[in-house]
Each structure stands twice: as C-alpha cells, then as structure tokens.
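# Structural characterization, general
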Amino acid sequence: MTDFQDLVDRQYTALFRFALSLSRSEAEAADLTQQTFFLWASKGHQLRDTSKAKSWLFTTLYREFLGRRRHEVRFQKIELDDAREEEMSILPNVNALDSAAVLQALREVEGPFRAPLTLFYLEQFSYQEIADVLEVPIGTVMSRLSRGKALLRQRLLSKEEALGNKIVSFQSKKKGESHG
Amino acid sequence: MDNREAKFILSVYRPDGQDASDQRFAEALNQVRRDPMLERWFGASVAFDATIAEKLRVIEAPPDLRENILAGVKVSRPLRWSSPLLRWAVAAAVLMAAIVGSLTLREMTRPRLSGWQTQGLRTITSLVDGQSSFDVHSQSARQLVNWLQTNRAPVASKLPRNLETLNSLGCKTFLWDQELVSVICLTRPDGGLIHLVITKASAASDLARRNEPQLVQHGQWATATWREGEMIYMLALEGSRDQLRTYVL
C-alpha cells in the first residue's frame, strides 16, 4: 500500500486538475480521479516500466472521460479559420483575471483542444508526452495546441472585456506590419 | 521556415525553457533570433503561457479526495482469486451446477434470449471458468452496488429481496450494443452461484418489457427477466426454473 500511497500523493492533485478541466463539475472530476486510481490498483501491475506510471494514469483518466462522453453530444466542430488574424495576435492581460476565471476560460475551450492545453499548462507535459497520453501524432498535438491557445485567448479576451480591462496587442506598436 | 511555421512549432514550447535543447525547436528558435518581430511575439507568448500555468497551478483538489482514493481502493481490493477456499467454493459451485444442468437438460426448451442476455451469460461463464476477472471483488453485495453506482454503471437501487442476504463474489461490467451492462455474482446457500445482470430498458427485447418476471429455461441456464423503471434485470443460475423461482417470488 505504501507504493500506492506514494503514487497517490504524487499524482492525485495533478490528475484532479486535468479531470476538472475536462469534466463539468468538481464532483465528476473527483470521481474520474478516484476511478483512475482504482484502475491502477486493479491493473497497474501490468505496466512493466514503472517510470511510465504518470503517463499511464493520465492516459487512463482521459480514456475514462472519453468513454463516459461516448454517448453524449459530439464536440462542436470548430473552424478556427473563421477567427480574425488580429484576434489571434492579441494577448489578453491575464494578470487582471483570477485563477477561477482562467480555469473557466480553459473549460470553455472545446474538448479536443482543451485536453492538450491542460496537460501543457498544468503539468508542463512535453509535446511527446501529450501525444503519448492522448494517443495522437505529434503534429496533431502541435495543431491542437496552436489552435487551442488561440481559442483560449478568445475566451480570456471575452472575460477581460466583460471586466472592462485594457487589451494589450502584439501589434499595437507596429500596426499593420506583417510578421507571420 | 517562415514565421507562421515557426509560431506553429513554438506553440508547444514550454515556458520554463525545458525544450531549449530539443532539436525539433532548433530551426524555429534560430528564426526567432533572426527576426525581431518574431522574437517579440515569442517573448510575449512564453510570458503569457507562464502566467496561465501559474494561475492554474493554484487549483487544489478537494480536501477529502486523497483519503477517499486510498479508502476506496482498500475497500475494493480484489480478494485473492487463488485463495484455496474461494477456489474450492467456485469449483463446488461449477460442479453442482453442471450436475443439476445435466439432469434438467432433457426438459429444456430453447427460447431465444436478447443479445445482452446471451452476452451476460457468456460473461458469467467466462468469470466462473476463470477466463476473465471481476472488476471488483467483495463479499458484500452492497459494496458492489455502491461501486457500480459510483462508476455510473446500471444498477438496482436495491437488490431483489431474496438476494440481499446472500454473499457476493464480485461484479463486472461490459458493453453491449453501446450500452453498459452490469453483472453481480452471488453465492447461494446451497453453494451454487446466482447472477444478476442489469442494463437500461432501452436495450431490452419484447421478452423483457414486462414488469412481472418471465422465467425461461435456456440450456442449462434458468433466467428470470423483468423490468423495473428504466432498468431491466435478468437473474440467472445454472439449474432449473424451480430453483430460480425461489429468488424472484
């Protein structure tokens, strides 16, 4: 039990955060986290390389989440090309927002983009680790992170505008200059 | 490499600099050094990422989550299937069921069962033969019901009255036609086994739409199927309908 307890102590908060970003409520996130550790207790011994326990836990939690969502409404298809280029170049003033608002913005990002964003921001996973956890190619990770960040900026900007805060643009000093 | 491509690659560059020596970023980082505008974008982007990460890192898990995980796993810990007592109990149950089954074989009719019922019986056989394992082992049926509820698997709000006093072995879930099905296995007082299979009523055939239990002999299996609310239940044992009847009436 000690090894298991050590693993829980090391990973449960991180897993909960990941689950919270994916799910609809704190209760569901806690349930997903608990279920993931239960599966580890049942099947974790099958993992030969124990150094991959963290990746196994995140992958399992993500699969559990997808399994529960299988019968629900599919993620809305997002066409980011519709977003204006200048919007994608604007960075919101995140410091003006509290953690709850940032988390809320993250949870508003559509599912396929939210999972890699969460792993990137919360756990500092590398692109390779994200690809392993989500079981997608590296190119897909890059694409989803790139688009996901743009969507997150849009959500944050909306929240910031609601607060009436000032927007800081990359292009504010050299408006119209192309660098992309 | 143009700036758009460089931005695309650098979107996965971690803000704490862990990726600085990763060759996959080398060309994009060189591009950053060559282009002041891109450099400014990159600096702001990394700062933005670092701030987001910092904001999100203060989220704490619920205070009781850790204890719940540890306690939950402890409760659900599998009994050792290899324990001699349990092995003998299962062997005895299988033997008894086989004897009873062979005695009643000639009287059997072979009505058709729904797909989820057939798959339920296959799953039970596989569990009893040791070819698959329970998701959870527990001698307490109540614990199994709680576990199924926690995991949002189909489950009875309460067990049929005559099953409540029986010891359980464990439970398992499986998917049938995209619907989750739960199986709870219990030990009868005579040493045999009895199994409760539960799924949503939407998975039911016409056999299983009635509220009154419909008893059917299918090979060596006796089954009783009924509907209650949004759920449909099948009670099954290897034996006769008379043996089964005592548990449903």
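See the structure printed just above.
Now for a quick tour of the structure. (Residues numbered from 1 in each chain as written. Chains lettered and ligands numbered in written order. Predicted model: local features only at pLDDT ≥ 70, side-chain atom pairs only at ≥ 80, totals over all residues. Heavy atoms only, no water.)

Residues and elements named next belong to chain B. Taken together, the 2 bridges between strand 1 (residues 136-137) and strand 2 (residues 167-176) define a ladder with antiparallel strand orientation. Note that in strand 2 the partner of Val-136 across the bridge is Cys-171. Here strand 2 runs beside strand 3 (residues 179-187); their pairing, made up of 9 bridges, is antiparallel. Each bridged residue has a counterpart across the sheet, and for Trp-176 the counterpart in strand 3 is Glu-179. The turn joining strand 2 and strand 3, which pair antiparallel and follow one another in sequence, is formed by 2 residues; a positive phi near 50 degrees is taken by Asp-177. (Pairing = 2+ DSSP bridges. Helix = DSSP H or I, 4+ residues; strand = E, 2+ residues; numbered from the N terminus.)

Time to look at the interface of chain B and chain A. Contacts between the two partners involve 51 residues from chain B and, on the opposite side, 60 residues from chain A. Summed over both partners, the interface of chain B with chain A buries about 5,200 Å², with 64% contributed by carbon and sulfur atoms. Here chain B and chain A share 2 salt bridges between them. Between Arg-66 of chain B and Asp-9 of chain A there is a salt bridge, and its shortest N-O distance comes to 2.3 Å. At the boundary of chain B with chain A, the tally comes to 11 residue pairs in polar contact (both at pLDDT 80 or more). (Contact = heavy atoms within 4.5 Å. Buried area = accessible area lost by both parts, 1.4 Å probe. Salt bridge = Lys/Arg side-chain N within 4 Å of Asp/Glu carboxyl O. Polar contact = N/O pair within 3.5 Å; in protein donor to acceptor, adjacent residues only side chain to side chain.)

Here we come to the packing of aromatic side chains. Applying the stated criterion to the full structure yields 11 aromatic pairs over all chains. In this structure, Arg-153 of chain A packs its charged tip against the face of Phe-48 of chain B, placed 5.9 Å from the ring centre. (Phe/Tyr/Trp six-rings, centres within 6.5 Å; stacked < 30°, edge-to-face > 60°. Lys NZ or Arg CZ within 6 Å of the ring centre and 35° of its normal.)

Checked against the element boundaries, Lys-149 of chain A lands in helix 8 (residues 138-163). Polar side-chain contacts of Lys-149 of chain A include one of 2.8 Å to the side chain of Asp-49 of chain B. When residues no more than four places from it in sequence are discounted, the contact partners of Lys-149 of chain A are Leu-117, Phe-120 and Tyr-121 of chain A together with Ser-11 and Asp-49 of chain B.

All names here are of chain B. A full pass over the atoms with the stated rule returns 12 salt bridges over all chains. Lys-172 is the partner of Asp-135 in a salt bridge, and the nearest nitrogen-oxygen pair spans 3.9 Å. Taken as a pair, Asp-135 in the loop between helix 6 (115-128) and strand 1 and Lys-172 in strand 2 lie far apart in primary sequence, 37 residues in all. Residue classification places Asp-135 among the partly exposed residues on the basis of a relative accessible area of 22%. Owing to a relative accessible area of 17%, Lys-172 belongs among the buried residues under this scheme. (Buried < 20%, exposed > 50% of the residue type's maximum accessible area, 1.4 Å probe, protein only.)

Residue and element names in this part refer to chain B. The final tally for this structure, using the stated rule, is 0 disulfides over all chains. Sulfur of Cys-171: no disulfide; nearest cysteine sulfur belongs to Cys-185 and is 8.6 Å away. The class for Cys-171 is buried, based on a relative accessible area of 0%. Overall, Cys-185 belongs to the buried group, its relative accessible area being 1%. (Disulfide = S-S within 2.5 Å.)

Residues and elements named next belong to chain A. The backbone phi angle of Gln-124 is positive, close to 55 degrees, even though this residue is not glycine. With respect to the helices, strands and loops of the structure, Gln-124 is situated in the loop between helix 6 (111-123) and helix 7 (127-134). Judged by its relative accessible area of 13%, Gln-124 is buried. The backbone phi angle of Glu-135 is positive, close to 60 degrees, even though this residue is not glycine. Structurally, the position occupied by Glu-135 is in the loop between helix 7 and helix 8. Exposure remark for Glu-135: the relative accessible area of 47% places this residue in the partly exposed category.

Right, let's get into helix 6 of chain A. All names here are of chain A. Between its first and last C-alpha atoms helix 6 spans 18 Å; for 13 residues at 1.5 Å apiece the expected length is 18 Å, and the two agree. Burial runs high along helix 6: 12 of the 13 residues are buried. Within helix 6 the residues assigned to the buried category are Gly-111, Phe-113, Arg-114, Ala-115, Pro-116, Leu-117, Thr-118, Leu-119, Phe-120, Tyr-121, Leu-122 and Glu-123. A positive backbone phi angle near 55 degrees is found at Gln-124, which sits one or two residues after helix 6. (Expected span 1.5 Å × (residues − 1).)

On their own, these measurements won't tell you what the molecule is for.
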